Amino acid sequence: MDRGRAVVIGATGQIGRVAVSALAEDGWEVCAASLGGGRDERWPQEVRSVRLDRDDDAALAAVVGDGAELLVDLVAFGRQHAHQLVGLGDRIGSAVVISTGAVYEDDEGRSLETNGEPGGSPRYPVPIPETQRTVAPGDATYARGKALLERELLAAADVLPVTLLRAGAVHGPYCRTPRELYFVQRALDGRRRRVLAYGGRSRFHPVHVSNVAELIRLAARKPGARVLNAGDPQAPTVAEIGAAIDAVLGVETETVRVEGPPPDGVVGAHPWGMEHPAVQDMTAAERELGYRPVTGYVESLPATVEWLVAELRGRDWQDVFPKMVRSYGADRLFAYEAEDAWLAAYDRGEV
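Residues numbered from 1 in each chain as written. Predicted model: local features only at pLDDT ≥ 70, side-chain atom pairs only at ≥ 80, totals over all residues. Heavy atoms only, no water.

**Comments concerning the overall build of the chain**
Point 1. Across its full length, the chain holds 13 helices and 11 strands.
Point 2. Here the C-alpha atoms of the chain give a radius of gyration of 21 Å, agreeing with the 20 Å that 2.2 N^0.38 yields for 351 residues.
Point 3. Here the C-alpha coordinates of the chain stretch approximately 70 × 45 × 35 Å along the principal axes.
Point 4. In the chain, which comprises 351 residues, the share counted as buried stands at 58%.
Point 5. Residue pairs in contact within the chain that sit at least 24 positions apart in sequence constitute 77% of those at least 6 positions apart.
Point 6. Total accessible area on the chain stands at roughly 15100 Å², and carbon and sulfur atoms take up 47% of it.
Point 7. Averaging the coordinates of the 39 positive side-chain charges in the chain and doing the same for the 51 negative ones gives two points 1 Å apart. (Helix = DSSP H or I, 4+ residues; strand = E, 2+ residues; numbered from the N terminus. Rg over C-alpha atoms; globule rule 2.2 N^0.38 Å. Buried < 20%, exposed > 50% of the residue type's maximum accessible area, 1.4 Å probe, protein only. Contact = heavy atoms within 4.5 Å. Areas by Shrake-Rupley, 256 points an atom, 1.4 Å probe, with all protein chains shown as cover. Lys, Arg positive; Asp, Glu negative; His and termini not counted. Charge placed at Lys NZ, Arg CZ, Asp CG, Glu CD.)

**A word on helix H7 (residues 238–249)**
Point 1. With 12 residues, H7 extends 17 Å from end C-alpha to end C-alpha; this agrees with the ideal 16 Å at 1.5 Å per step.
Point 2. Taken residue by residue, H7 has Val238, Ala239, Ile241, Gly242, Ala244, Ile245 and Asp246 as its buried positions.
Point 3. Glycine 250 lies just past H7 and shows a positive phi near 75°. (Expected span 1.5 Å × (residues − 1).)

**Looking at the side chain of asparagine 229**
Point 1. Mapped onto the fold, asparagine 229 is located in strand E10 (residues 226–230).
Point 2. The contact partners of asparagine 229, leaving out residues within four places of it in the chain, are Tyr104, Ile128, Pro129, Glu130, Arg166, Leu215, Gln280, Asp281, Met282 and Ala285.

**A look at a negative patch on the surface**
Point 1. A grouping of Asp53, Asp55, Asp56 and Asp57 is seen on the molecular surface, where their side chains present a negatively charged patch.
Point 2. With respect to the secondary-structure elements, aspartate 55 resides in the loop between strand E3 (48–51) and helix H2 (57–64). (Patch = residues over 30% accessible without salt bridge, like charges linked within 9 Å, V, L, I, M, F, W, Y side chains within 5 Å. Salt bridge = Lys/Arg side-chain N within 4 Å of Asp/Glu carboxyl O.)

**Thoughts on the packing of H7 against helix H9 (residues 297–312)**
The relative placement of two packed helices comes down to the angle between their axes together with the axis-to-axis distance.
Point 1. Between H7 and H9, the least distance of the axes is 9 Å, while the angle of their chain directions is 60°. Considered as vectors, H7 and H9 are oriented oblique to each other. Viewed along their axes, H7 and H9 form a crossing whose handedness is right-handed. Packed against H7, whose contacting residues are Ile241, Ala244, Ile245, Val248 and Leu249, the element H9 presents Tyr297, Val298, Leu301, Pro302, Val305 and Val309 at the interface.
Point 2. Partitioning the contact of H7 with H9 into residue classes produces 11 nonpolar, no polar and no charged. (Axes fitted to C-alpha atoms, helices over the stretch in contact; angles between N-to-C directions. Parallel < 35°, antiparallel > 145°, perpendicular 65-115°, else oblique. Left-handed = near helix turned anticlockwise from the far one by under 90°. Nonpolar A, V, L, I, M, F, W, Y, C, P; charged D, E, K, R; others polar.)

**Considerations on the layout of surface pockets**
Point 1. Approximately 170 Å³ is the volume found for the second largest pocket.
Point 2. Lining the second largest pocket, in full, are Gln14, Arg17, Val18, Ser21, Arg42, Pro173, Tyr174, His208, Val209, Ser300 and Ala303.
Point 3. Secondary structure elements with two or more residues in the lining of the second largest pocket: helix H1 (14–25) and H9.
Point 4. Broken down by element, the lining of the second largest pocket gets its largest block of residues, four residues, from H1. (1 Å grid on protein atoms, 1.4 Å probe; cavity = no way out; pocket = protein on both sides within 12 Å on 5 of 7 lines; lining within 4 Å. Points joined across faces, edges and corners; volume = space filled by probe spheres on them.)

**Thoughts on the sheet that holds strand E5 (residues 92–100)**
Point 1. Within the open sheet, the seven strands sit side by side as E3-E2-E1-E4-E5-E6-E10. Their pairing is parallel. The sheet is open, and its two edges are formed by E3 and E10, each paired on a single side. Strand-to-strand twist of the sheet, defined as the mean angle between neighbouring strand axes without regard to direction, takes the value 20°.
Point 2. Pairing of strand E6 (residues 162–167) with E10, which is carried by five bridges, proceeds in the parallel orientation. The partner of leucine 164 across the bridge, within E10, is valine 227.
Point 3. Sitting on the sheet, helix H6 (residues 209–221) touches strand E2 (28–34), strand E4 (68–73), E5, E6 and E10, and the angle it makes with E5 is about 150°. (Pairing = 2+ DSSP bridges.)

Following this line, the structure appears as C-alpha cells:
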C-alpha cells in the first residue's frame, strides 16, 4: 500500500536508522534527511537520502517541497524548531516528534535534571502517566527545551496534528551515549567486582530503538494531537541489567550493593543512578495506537553488546563516545582507583 511521502529528519541517528526502515516497509515513500546525507545499508533502495542542516529554514522547506503526508522529526528542540514545523503545516499532513521522559517532574517539582542534588531525587508515581506534571518550558536545560517544544506544537495542533513521543532511556546500536558501556567496558577491562549505589535497585525505563520505530509507524497510520510515553515492556533494575550484560559476554561479576548514594560521589555511580524508579505507563499507546512492543530489554541486548564491543575494539572508549565523557564524566564512570580503595575498606569491614 502506498501511504504517501514521509520525510524523516535525523535519519542516520540511532532511532532514525530503524524508523526509516519501518516506514519504508510499511508502504511510505521515505526521504531520509540528515546532516551528512548518508544512508544505512539496511534501507531499501527506494529510500532517498538528502543532506539537511536542521537549523536552516530554507533547506528544511526545500526538503518538504510541495508537501509530505508525514514528517518525522527526531532532533527537534525548543521554540525555533517548533515554529519551523508549524510554519510548514500547510504542506505537512501530520508529524511525529521525539520528546523525552525527562520532561516529567514529581509533585514537589523534582525531575531527572535535579536528580543527585540535595533533596533532588524525584519520587514519580509508578508507572508515570502522560498526565503527570512536567517541568516549566524554557531554554535553560534539555528537559525544559523539550517541554517548550511540546507546548508550542500542541498549541498549533489545528495547523499540524502531531504525536509527541516521550522516550525513556533509548538503547540499541549507534547510540552516542550508550549506558550499557558502563558494564561492557568494565568487563573488557577485566573488572570482576562492581559497586552499585542505591542497592542496585535503580530503574530508569529503557526503550529500544525498534520499539520507538514501531510507535512512529503506528502514529503515522493514525494522525492526531497527542502525547504518548515510549518505553520497553519491562523496566529492569540496574543490577538486573548488569547481570544480563554479563550473560551476553559470558563473564561473572560480583555485585556489591551500597544503600544510598555513591560513596565519595563516584564509587557505585552509574548512568541509571536514581534513588526512586522512573517507570513510564504504556497503556495509552496500547489503547490509542494498538501498540505492542517489538522486543524487550534483555532480548535486544546481544545486538547492542556486539555493536559496542566492535566499536571499542582497539580504541579508547573516550575517543569512541566523546558525548559519554561530556554527559557523565570519565572519572565518574570508571573510577577504578577510588573503587578499589573503597572495596579494600569494605573487605576489611571498615565501611
